[in-house]
Amino acid sequence: MAPMGIRLSPLGVAVFCLLGLGVLYHLYSGFLAGRFSLFGLGSEAGGAAGPGAAADGATVDLRELLAASVLAAVRGGDEVRRVRESNALHEKSKGKTREGAEEKMTSGDVLSNRKMFYLLKTAFPSVQINTEEHVDAADQEIILWDHNIPEDILREITTPKEVPAESVTVWIDPLDATQEYTEDLRKYVTTMVCVAVNGKPVLGVIHKPFSEYTAWAMVDGGSNVKARTSYNEKTPRIVVSRSHSGMVKQVALQTFGNQTTIIPAGGAGYKVLALLDVADKDQEKADLYIHVTYIKKWDICAGNAILKALGGHMTTLNGEEISYTGSDGVEGGLLASIRVNHQALVRKLPDLEKMGHN
């Protein structure tokens, strides 16, 4: 007997094929949407990328975010060092600062920014990232993080610390002290990452690319850096910006006397490290850090978090805490200290506070 054949309806085959194509289309379009969300494409242009399409109630482990931030700062630092050592800076101007100084940008800034931004955005697509340099979607990179947490972080922070993803803002400075970088004053240069939760700085990473020293800290967690054993608040050594050391010196000598030392330096990251016990022979030591003009939040957030984790303080010159939400700048200057009476210093320096608002 001949085997029985199965007849397929041409209409049924056509319907089945159309249904299959429809399923494939929706799967593929969903995949593409996820990829674009992952890289922050479609967010507003400039230095900020908004949260990705995270599910409601998504959380972020701060311990993992710290590990990724350390890696991002180091990877960015590798680019900064490579560009400087190749002498291919391709320096150009971004315009003028409020004080009228030239605001420079180099290939080191751009390439470091790309590495740092996309590493963090790939690993944590649902958090907001603010960065000093423009993020160009055309230059996106797939930079994967293996979720490995270094042993030094695991020793200090033994358990995960989950927070709502929507409460997190990351601040990146891909190259702090660009002016000094162009002058080949390498010791001042840092790369920095800060994480704020509900506007409060909780994680800070400051990396020095040319000495390969990295400081990190988590508020109520741990750190790999510590304060020095003593500070002089009667006749302090004060670290200030190279561009306005004269302004601070005049007021400081009136306030603390002729034995006060002013240390002009580049880079906010370098100045914060000057207050700490840092194992870097090129790092100068200071008792206070004072800034008397407008400053951007990506310049100071990481240092603020580290100081806060170690029991120190960073405020405006009139003693106000700095919020790391909203605008990207801080009016009124800043005062940073550790293991001294911070509010007493604020009261001693009213003339500096006035400068900060000029």
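Look up a bit, the structure's there.
Our subject in this report is the structure included herewith. (Residues numbered from 1 in each chain as written. Predicted model: local features only at pLDDT ≥ 70, side-chain atom pairs only at ≥ 80, totals over all residues. Heavy atoms only, no water.)

## Observations regarding the packing of aromatic side chains
Defined as follows: Pairing of aromatic rings covers Phe, Tyr and the six-membered ring of Trp, with a centre-to-centre limit of 6.5 Å; geometry is then stacked below 30 degrees between planes, edge-to-face above 60, and tilted otherwise. The helix count covers DSSP runs of H or I at least four residues long, the strand count covers runs of E at least two residues long, and both are numbered beginning at the N terminus. Three exposure classes are used, based on accessible area relative to the maximum for each residue type with a 1.4 Å probe and protein chains only: buried under 20%, partly exposed in between, and exposed over 50%.
Under the defined criterion, the tally for this structure stands at five aromatic pairs. Ring centres of Phe124 and Trp145 lie 6.0 Å apart, and the angle between their planes is 35°; this geometry places the pair in the tilted category. Placement of Phe124 in the loop between α3 (107-123) and β5 (128-131) and of Trp145 in the loop between β5 and α4 (151-156) is noted, with a sequence separation of 21 residues between them. Residues Phe124 and Trp145 agree in their burial class; the two are buried. Here the aromatic rings of Trp171 and Tyr324 are separated by 6.5 Å at their centres, their planes lie at 70°, and the arrangement is edge-to-face. Taken together, the residues Trp171 in strand β7 (residues 168-176) and Tyr324 in the loop between β18 (313-315) and β19 (329-330) connect sequence positions 153 residues apart. Owing to a relative accessible area of 2%, Trp171 belongs among the buried residues under this scheme. Through successive ring pairs, a cluster of aromatic residues spans Trp171, Trp298 and Tyr324.

## Here's the deal with the side chain of Thr190
What counts here: Whether two residues are in contact is decided by their heavy atoms: any pair within 4.5 Å suffices.
Following the sequence through the fold, Thr190 ends up in strand β8 (residues 190-197). The contacts of Thr190, once residues within four sequence positions are left out, are Leu175, Asp176, Ile206, His207, Lys208, Pro209, Gly269 and Tyr270.

## Side note on the nonpolar core
Quick note on the threshold: Buried Ala, Val, Leu, Ile, Met, Phe, Trp, Tyr and Cys residues that are joined via side-chain atoms within 4.5 Å together make up what is termed a nonpolar core.
Ranked by internal contacts, the top residues of the largest apolar core, which has 57 residues, are Ile238, Tyr289, Ile290, Ile300 and Met314. It is helix α8 (residues 297-309) that contributes the most residues to this core, seven residues altogether. Apart from residues lying up to four places away in sequence, Ile300 is in contact with Ala268, Ile295, Met314, Ile322, Tyr324, Val330 and Leu334. Listed in part, the 38 residues of the second largest apolar core include Leu65, Ala67, Val135 and Val170.

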